[in-house]
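A closer look at the structure
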Amino acid sequence: MATLFLICGLPGAGKTTLAKQLEQAHAALRFCPDEWIATILADANDIAERDRLRDPVEALQWELAKRALVLGTNVILENGFWSRAERDRYRAVAEALGARVELHYLAVSREELWARLSKRNINLPPGTFAVTEEDLDLWSSWFEEPTEDEFIVPYNDFLRLENRQENWVPNEVVERVIVGKLTPIRAWREQLGLTQVEVAERMQISQAAFAQLEAPEAHPRKSTLQRIAQALGLQVEQLNF
């Protein structure tokens, strides 16, 4: 089953940073509207044209995303998803296509957002645009913070993933190990939406060899665990719990 990841937050929250990590961890197709708009826009200072392009670019990306989900490919959308109605609409369509939906919300204070944006404005990375303090205040007034029933990934969990200060293990992985009686290797592989063949190819071994490594009776050596962790985009410690 494919997963649609909705990255929710205001400019400067860290949406692209998180999206790129999820892209690697879940072998996902990532769509960032600003990156496409920056490629199309002839004059980065043409705010009216930039704003006009946003709706058609997001619509085109959504059409491609829906097709990818139907084909079983994980998708990440970095639209920001400022309103509950928009988040509900995307979730309903994705679920109707047979996909899972995860909402990742980056809740950052207004002061921290402006500190990041003012620094970023000095030397804009590719695919980004300058944001004024007035813009931030206006957009913040439009933003509808997600509620607990929207499957939130809290900001502190994002920081743990970003900084690797803790060996974070999602509840779903733990549940697969405890309730489903799976090995941590298999639980992580399924959580990341990977097949045995895909992981085996990353490790440059056969599918049969990898199947033995994630079997309940297996006891991989530390060096082998390191190779598995690397193939899954994890730390070794995240496989030892």
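Please refer to the structure placed before this passage.
Model, not experiment: these values are computed from the prediction.

Cut-offs used in this document
Residues numbered from 1 in each chain as written. Predicted model: local features only at pLDDT ≥ 70, side-chain atom pairs only at ≥ 80, totals over all residues. Heavy atoms only, no water. Salt bridge = Lys/Arg side-chain N within 4 Å of Asp/Glu carboxyl O. Buried < 20%, exposed > 50% of the residue type's maximum accessible area, 1.4 Å probe, protein only. Helix = DSSP H or I, 4+ residues; strand = E, 2+ residues; numbered from the N terminus. Axes fitted to C-alpha atoms, helices over the stretch in contact; angles between N-to-C directions. Parallel < 35°, antiparallel > 145°, perpendicular 65-115°, else oblique. Left-handed = near helix turned anticlockwise from the far one by under 90°. Contact = heavy atoms within 4.5 Å. Nonpolar A, V, L, I, M, F, W, Y, C, P; charged D, E, K, R; others polar. Phe/Tyr/Trp six-rings, centres within 6.5 Å; stacked < 30°, edge-to-face > 60°. Lys NZ or Arg CZ within 6 Å of the ring centre and 35° of its normal.

**Side note on the pattern of salt bridges**
Under the criterion given, the structure shown has 18 salt bridges. In this structure, Glu23 and Arg30 form a salt bridge, with 3.3 Å as the shortest nitrogen-oxygen distance. Classification of Glu23 as partly exposed rests on a relative accessible area of 23%. Put simply, Arg54 and Asp34 hold a salt bridge, and the shortest N to O gap is 2.6 Å. With a gap of 20 residues between them, Arg54 in helix H3 (residues 47-70) and Asp34 in helix H2 (residues 33-40) connect regions that are remote in the sequence.

**With respect to the packing of H2 against H3**
The geometry of H2 relative to H3 is characterised by a closest axis approach of 9 Å and an angle of 120 degrees between their N-to-C directions. The orientation of H2 with respect to H3, classified from their angle, is oblique. Between H2 and H3 the crossing geometry is right-handed. In contact with Pro33, Asp34, Trp36, Ile37 and Ile40 of H2, H3 contributes Arg50, Leu53, Arg54, Val57, Glu58, Leu60, Gln61 and Leu64. Each residue belonging to the contact of H2 with H3 can be placed in one class, and the counts come to eight nonpolar, one polar and four charged.

**Quick look at unusual backbone geometry**
Of note in this structure, Phe81 is not a glycine but carries a positive phi near 50 degrees. With respect to the helices, strands and loops of the structure, Phe81 is situated in the loop between strand E3 (75-80) and helix H4 (84-96). Looking at Phe81, the relative accessible area reads 0%, which means it is buried. Phi is positive for Gln204, which is not a glycine, with a value near 60 degrees.

**A word on the packing of aromatic side chains**
This model, assessed by the stated rule, comprises six aromatic pairs. A centroid spacing of 5.0 Å and a plane angle of 80 degrees characterise the contact between Phe81 and Tyr90, whose relative ring orientation is edge-to-face. By relative accessible area, which is 7% here, Tyr90 ends up buried. When the centroid spacing of 6.5 Å and the interplanar angle of 50 degrees are considered together, the rings of Trp82 and Trp142 count as tilted. Here Trp142 lies in helix H6 (residues 133-142) and Trp82 lies in the loop between E3 and H4, a separation of 60 residues in the sequence. Judged by its relative accessible area of 22%, Trp82 falls in the partly exposed class. An aromatic cluster is built from Trp62, Phe81 and Tyr90, whose rings are joined through pairwise contacts. Lying over the aromatic face of Phe129, Arg50 brings its terminal NZ or CZ to 5.5 Å of the ring centre.

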